[in-house]
Every structure is written in structure tokens, then in C-alpha cells.
Amino acid sequence: MQAREPFSGSSHELQEQIRRRTQAFARHLPPSQAANLINGVAEEEREAESWEVLKAAEDRVRDLHARFPDYFEAAEAVKQSEAESDLGRFRGWRREQLRLAREADTFAASNAGRIRNAGGTLLAAVIAAKPFGLISGDVFFWGAALAAGLMVLGSQLIKKRRSPLWKGVFIDPKFAAHSVWRCASQAAAAAQIREREPDAAQWEDALQILESRWDRRNRRSTLWAEEDYTGIRYTTA
């Protein structure tokens, strides 16, 4: 196949090309694949044979960015805008993740956060009311004691939670969205470079690194194998 001419259009045109490809990659990504991508970032670090190997790969990707800055500046802009506009989907996944965690745990453990928060609210109320004489000393004492008890109970119940989804990948929706869209936009930039740049073959190893990160969507993490996101129902963009 004959190589195309190097990209010579405007930065806006390049950004829109990368945006279309990125959206095709990530817009309809199911939550289980998104989770694979996010966990894959940490897993990649642990899989490296040594710190030197990991650093060499990062240096090669950094050199690729320096060689084709227009592509990766466009990819960064796409990542920012798409991740922000897609936050609603990831917030929905967070709600679903917590629903699955509650269903997998006991009633008390599932409501541990509410119990602790109720204690904190009660404590704040009695402390605020005491200086104005709205409650007696006895009520203040017993109210504070009850609040402290609720807070301790809630904290103890949180420690007894069994489901790993309480701390799953979507617990921070903004971080999750940016991680997924970054992988997609970087892979899209790599694909554009392959198609447009005559010397792309010289950067095969760096391009493969970016593409392999995106390919992790199809590979379930072995480090977090107990995290099951297949029960998440909210999958629309």
C-alpha cells in the first residue's frame, strides 16, 4: 500500500480527524472494557521486567510525542473535551458499581457510610445547639455519646465490607473518564501517524506501545480479577 503524504492541514482539521477516530473507539465502550483499560495502566507497570525496561518504553513514547507534536497536542485536546462531556456516563457507572457492591454485601456493611454520616451530623447538631442553650447538659452528653457511637460503628462496618467494588475503578468518575479517553485518543493519534507519516515505520515500537494500551480493553486484569463489572446496567453514552 502506498504511503500517504505527511499531514499538512490545519491543526483544527487534524484534531477533528483524531476526534472522529477516538469517538469511534470509545463512545460505545462497555464498562467492563473501560475497567480493563484503567486497571491495565497499573498492571503494565507491574508486568515490566524491570524499572529500566519501563523507563525505556516511556522514553520512547516521549520521543514519539516530540517527533509528532501536532498529533499528540490534538489528542490531548480531544481527550479533555470528550472526557468532560462523557462524565455523565461514568457517574452512572459509579452508581451501578456501588449498587453491585451493596447487593454483594450485608445490609449493615452496605449502610455503613450512612451510619457514620448520621453520627457526624448528630454530633455537629449538638455542638451547634449547646452554646445557645437549646439543649440541656444531659441531652448534650447523651447526644454526643450517641453520635460518637454511630461514627465508630459506621467505621467498623466499613472495614467489614467484602465487595472489592466499594473501591472499584469508577469510584472516581472523572479520573476514570480521563483515563479511558486518553488511551483512546493516544491510539487514534498512533493510527493517524501510521496512515499519514512516511517515517512511521521508524517508530513502530513506540506506536505499538500506545496501541497495546488500548488493546488492554479486551484483557481482564489478573491483579484485580475479583472485580466484576459485567452487572453494570448503565452503558449508554
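Per-chain numbering applies: the sequence of each chain, read as written, is numbered from 1 onward. Confidence filtering applies because this is a predicted model: local features only for residues at pLDDT of at least 70, side-chain atom pairs given and counted only at 80 or more, and all residues used for totals across whole chains, interfaces and linings. Neither water nor hydrogens contribute to the side-chain values; these are computed over all heavy atoms in the structure.

A. Here's a closer look at the overall build of the protein chain. Helix and strand assignments follow DSSP, with helices taken as H or I runs no shorter than four residues and strands as E runs no shorter than two, numbered in order from the N terminus. Helix and strand content of the protein chain: ten helices and zero strands. The helix and strand sequence of the protein chain, counted from the amino end, reads α-α-α-α-α-α-α-α-α-α. Only C-alpha atoms enter the radius of gyration; for comparison, a globular chain is expected to reach 2.2 Å times N to the power 0.38, where N is the number of residues. What you see for the protein chain is a C-alpha radius of gyration of 24 Å, clearly larger than the 18 Å of a compact globule of 237 residues, by over 25%. Principal axes of the C-alpha set define a box for the protein chain whose edges measure 85 × 35 × 35 Å. The rule is simple: take the accessible area with a 1.4 Å probe, protein chains only, and divide by the maximum for that residue type; under 20% is buried, over 50% is exposed, in between is partly exposed. Buried positions account for 41% of the 237 residues belonging to the protein chain. When checking whether two residues touch, look at their non-hydrogen atoms; a contact exists if any pair is within 4.5 Å. Taking all contacts inside the protein chain whose residues are at least 6 apart in sequence as the whole, residues at least 24 apart take part in 87%. The Shrake-Rupley method, run with a 1.4 Å probe sphere, supplies the accessible areas, and residue values consider only the shown protein chains as cover. For the protein chain, the accessible surface area stands at approximately 13200 Å², while carbon and sulfur atoms represent 55% of it. The charge count includes Lys and Arg as positive and Asp and Glu as negative, but it does not include His or the ends of the chains. Throughout, a charge is located at the NZ atom of Lys, the CZ atom of Arg, the CG atom of Asp or the CD atom of Glu. Within the protein chain, one finds 35 positive and 33 negative side-chain charges whose respective centroids are separated by 9 Å.

B. Spatial organisation of the confidence of the model for the protein chain. pLDDT measures the predictor's confidence residue by residue and takes values from 0 up to 100. Summing up the model confidence of the protein chain, the mean pLDDT is 88 and the portion of residues at 70 or higher is 95%. The low-confidence segment residues 1-5 (pLDDT under 50) makes four contacts with residues lying over four places distant or belonging to another chain.

C. Highlighting the side chain of Glu43. Tracing the sequence through the fold places Glu43 in helix α2 (residues 31-47). When sequence neighbours within four positions are dropped, the list of residues in contact with Glu43 reads Arg216, Arg219, Ser221, Thr222, Leu223 and Trp224.

D. Broad picture of α2. In this model, α2 (17 residues) spans 23 Å end to end at C-alpha, consistent with the 24 Å of a helix rising 1.5 Å per residue. One axis fitted to the seven residues ending at a residue, another fitted to the seven starting there: the angle between these axes is the bend at that residue. Along its length, α2 shows its largest kink, about 35°, at Gly40. Tucked into the core, α2 has its buried residues touching α5 (87-104), α9 (173-196) and α10 (204-215). Here, expected helix span is obtained from the residue count minus one, scaled by 1.5 Å.

E. Geometry of the packing of helix α7 (residues 112-129) against helix α8 (residues 137-159). Between N-to-C directions, angles span 0 to 180 degrees; the directions come from axes that are lines fitted to C-alpha atoms, helices contributing only their stretch in contact. Orientation of α7 relative to α8, taken along the N-to-C sense of each, is 160°, at an axis distance of 7 Å. Taken together, the axes of α7 and α8 are roughly antiparallel relative to one another. Relative to α8, α7 is oriented so that their crossing is left-handed. Of the residues in α8, those touching α7 at Ala112, Gly113, Ile115, Arg116, Ala118, Gly119, Gly120, Leu122, Leu123, Val126 and Ile127 are Phe140, Gly143, Ala144, Leu146, Ala147, Leu150, Met151, Leu153, Gly154, Ser155, Leu157 and Ile158. Just so you know how the angles are binned, under 35 degrees is roughly parallel, over 145 roughly antiparallel, 65 to 115 roughly perpendicular, and the rest oblique. By definition, any crossing whose near helix is turned counterclockwise from its far helix by less than a right angle is left-handed, and any crossing with a clockwise turn is right-handed.

F. Up close: the layout of surface pockets. Considering only enclosed or pocket space, the largest pocket measures out at about 490 Å³ in volume. Ile38, Val41, Ala42, Phe175 and Ser179 are the residues nearest the centre of the largest pocket, which is lined by 23 residues in total. At the level of elements, α2, α3 (51-67), α9 and α10 are the ones that each hand at least two residues to the lining of the largest pocket. For this classification, Asp, Glu, Lys and Arg are treated as charged, while Ala, Val, Leu, Ile, Met, Phe, Trp, Tyr, Cys and Pro are nonpolar and the rest, including Gly, are polar. Residues that form the lining of the largest pocket fall into these classes: ten nonpolar, six polar and seven charged. Here a cavity denotes grid points, spaced 1 Å and computed from the protein atoms alone, that fit a 1.4 Å probe unable to get out, and a pocket denotes an open set having protein on both sides within 12 Å along at least 5 of 7 lines; residues with an atom within 4 Å of a point are the lining. Grid points are joined across faces, edges and corners, and a volume is the space filled by probe spheres set on the points.

G. Inspection of the nonpolar core at higher detail. Residues grouped as a nonpolar core are buried Ala, Val, Leu, Ile, Met, Phe, Trp, Tyr and Cys residues, joined through side-chain atoms within 4.5 Å. Among the nonpolar cores identified, the biggest contains 27 residues, and Phe90, Phe170, Val180, Trp214 and Tyr229 are the most heavily contacted of them. Within the residue set of this core, elements represented by two or more residues are α2, α5 and α9. When neighbours within four sequence positions are excluded, Trp214 is seen to be in contact with Phe25, Ala26, Leu29, Leu37, Val180, Cys183, Ala184 and Ala187. Ala188, Ala190, Ala200 and Ala206 belong to the second largest nonpolar core, which has 20 residues in total.

H. Just empty space enclosed by the protein, in detail. Taken as a whole, this structure holds one cavity of 30 Å³ or more when the rule is applied. The space that makes up the largest cavity amounts to roughly 30 Å³. Lining the largest cavity, in full, are Leu37, Gly40, Val41, Glu44, Cys183, Arg213 and Arg216. Residue contributions to the lining of the largest cavity peak at four residues, all from α2. Broken down by class, the residue content of the lining of the largest cavity amounts to three nonpolar, one polar and three charged.

I. Region of the structure containing the packing of aromatic side chains. Note on aromatic contacts: the rings of Phe and Tyr and the six-membered ring of Trp form a pair at centre separations within 6.5 Å, being stacked when their planes are under 30 degrees apart, edge-to-face when over 60 apart, and tilted otherwise. Scanning the model with the defined rule gives eight aromatic pairs in all. Ring pairing ties together the aromatic residues Phe90, Trp93, Phe170 and Tyr229, which thus form one cluster.

J. Spatial organisation of the environment of Ala42. When you line up the elements, Ala42 lands in helix α2. Residue classification places Ala42 among the partly exposed residues on the basis of a relative accessible area of 28%.

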